[in-house]
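This is what each chain is made of:
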Amino acid sequence: MTLVYQSTRNEKNKVTASQAILQGLATDGGLFTPVDFPDVNLDFDRLKSASYQEVAKLVLSAFLDDFTEEELDFCIDNAYDAKFDTPVIAPLVKLGDQYHLELFHGSTIAFKDMALSILPYLLTTAAKKQGVDDKIVILTATSGDTGKAAMAGFADVAGTEIIVFYPNGGVSKIQELQMTTQVGDNTHVVAIEGNFDDAQTKVKEMFNDESLRQKLAAKGAQFSSANSMNIGRLVPQIVYYIYAYAQLLNDGQLEKGEKINITVPTGNFGNILAAYYAKQIGLPVHKLICASNENNVLTDFFATGFYDKKRRFKVTSSPSMDILVSSNLERLIFHLVGNDSAKTRELMTALVDKGEYQLSAVNPDILDFFEAGFATEGETSAEIKRLYDDLSYIEDPHTAVASAVYRAYRDRTGDQTKTIIASTASPYKFPRVAVEAVKGKDSGDDFAAVQELHDLSGVAIPKAVKGLETAPIRHRKVVEVAAMQKAVESYLDV
Ligand SMILES: *Cc1c(COP(=O)(O)O)cnc(C)c1O
């Protein structure tokens, strides 16, 4: 039987895994979501000694069940290879009484590599399966992290082209260099004279522009999206939670069947939803702890069932979590209201029209399973310093939000369940914040901070940062917002 992915906003809109990946977002605006979860045999006696790739095969073949074994092998082998700086792909580090699951060993040193290194292969394979032989053109607006991770994933993947827009002057020096030095004949980077919202709005317009769509079709090409609403990004994120549990068993840190907590620093709710799906297929989990920064819309939501985006947007030291509309939460809402697509559509319409919605009559078993909290800027920086002083380990600010929220949860509840912290970025990606937290003084410059971070932690400077200062700049285009479409047309020759 083939697994059904249903739109969260229309129960008649049902597709297979490969169709869901190719479409990205459902045309009714909903997100494709599994209604029934697959039967997966999580035999941890066997999984204890399995490689990351083997666990990936188990999980992906269950969720993406219209892909053949050969297709999945091809995708997995091309994704989780020497692009990662360790053969274990996602190492676990024991730090006092918590376990850090380091998800930042891929090519852009942030956790988005875990899914974006496989998405290009899933997407091109899905297209082939659906008889689509168009070139897949990825358009992305980025505030810094996603664009680079997507380019690293799609660079030189046959049958794809990727165009990334970022706000000129709106990203860190390291992030900018990571993008402008990107290699790959099919990658294009454009700085725009505007902010992230301007870029995002224009990208959405281009997606929905019928005449542009036709021009592309005439050239044998079509747009697609690499954003986190695509289940092709969600499913690969289930893998590392299963893998981490197997590693803990293998190390004798857990008894068979013992439950764990997982704390996830959250923005769009994708990473933590993947942990929930891991639980749905049998991972022994006690609590999922949703950690936010000062943009704490999710903390309030879990406390009251009231989602209210009408609040001031705060720029924090964990920018990848500076989000007021958490797009993947829609999938949890759908499950909370009993997989009711009419109800979900009503709530999501209220969010657009009124900026808020109130949840009622939810499934308490699902809700009780989540804990939520947030860390202020001061608490985040104090947590980086505390962990360094105690254990000489330096966290990036996103991970520090999670570890601060977990500490507060444990102090509040006395819950002694062993806990995994999803560690979403290398501190080398945010070196100034990390160094300032430890030393109490700003380095003044990203590259000076990289050196100081190395001196403090002794952790090798990752390939992704080394050489960035001297790497040749390959992308120099800067355009007005109004000229973004012209840039796309000239790259695609339409
Ligand atoms: C994207 C990102 C997050 C948030 O992940 P979501 O899946 O959007 O909740 C957290 N930390 C880092 C470093 C990220 O890049």
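It should be emphasised that the depicted structure is a prediction, and the values quoted were computed from it without experimental measurement.

Draft legend 1. Molecular detail of the site of the ligand. Near the ligand, the surroundings consist of 15 residues, among which Lys112, Gly267, Asn268, Asn271 and Thr424 are the closest. When the residues that make up the shell around the ligand are grouped by side-chain class, the tally is five nonpolar, eight polar and two charged.

Draft legend 2. Quick look at the packing of aromatic side chains. Tallying each qualifying case throughout the model produces 20 aromatic pairs. With a centroid separation of 5.3 Å and 20° between ring planes, the pair formed by Phe302 and Phe370 is classed as stacked. Highlighted residues: Phe302 in helix 13 (residues 297-304) and Phe370 in strand 14 (residues 370-374), separated in sequence by 68 residues. The class for Phe302 is buried, based on a relative accessible area of 12%. Classification of Phe370 as buried rests on a relative accessible area of 6%. Among the aromatic residues, ring-to-ring pairing joins Phe37, Phe63, Phe269, Tyr276, Tyr277, Phe301, Phe302, Tyr307, Tyr357, Phe369 and Phe370 into one connected group.

Draft legend 3. Quick peek at the sheet that holds strand 9 (residues 221-224). Ordered by their spatial adjacency, five strands build an open sheet running 9-6-7-8-16, and the pairing between neighbours is parallel. Pairing within the sheet leaves two strands with one partner each, and these edge strands are strand 9 and strand 16 (478-480). Across the sheet, the axes of successive neighbouring strands diverge by a mean angle of 30°, strand direction being ignored. Inspection of the sheet shows strand 6 (residues 135-141) paired to strand 7 (residues 160-167) by six bridges, in the parallel sense. Paired with Thr140 across the strands is Val164, a residue of strand 7. Here helix 21 (residues 484-492) sits on the sheet and contacts strand 6, strand 7, strand 8 (187-193), strand 9 and strand 16; the angle it forms with strand 7, its principal contact strand, is near 155°.

Conventions we followed
Residues numbered from 1 in each chain as written. Predicted model: local features only at pLDDT ≥ 70, side-chain atom pairs only at ≥ 80, totals over all residues. Heavy atoms only, no water. Near = heavy atom within 4 Å. Nonpolar A, V, L, I, M, F, W, Y, C, P; charged D, E, K, R; others polar. Phe/Tyr/Trp six-rings, centres within 6.5 Å; stacked < 30°, edge-to-face > 60°. Helix = DSSP H or I, 4+ residues; strand = E, 2+ residues; numbered from the N terminus. Buried < 20%, exposed > 50% of the residue type's maximum accessible area, 1.4 Å probe, protein only. Pairing = 2+ DSSP bridges. Axes fitted to C-alpha atoms, helices over the stretch in contact; angles between N-to-C directions. Contact = heavy atoms within 4.5 Å.

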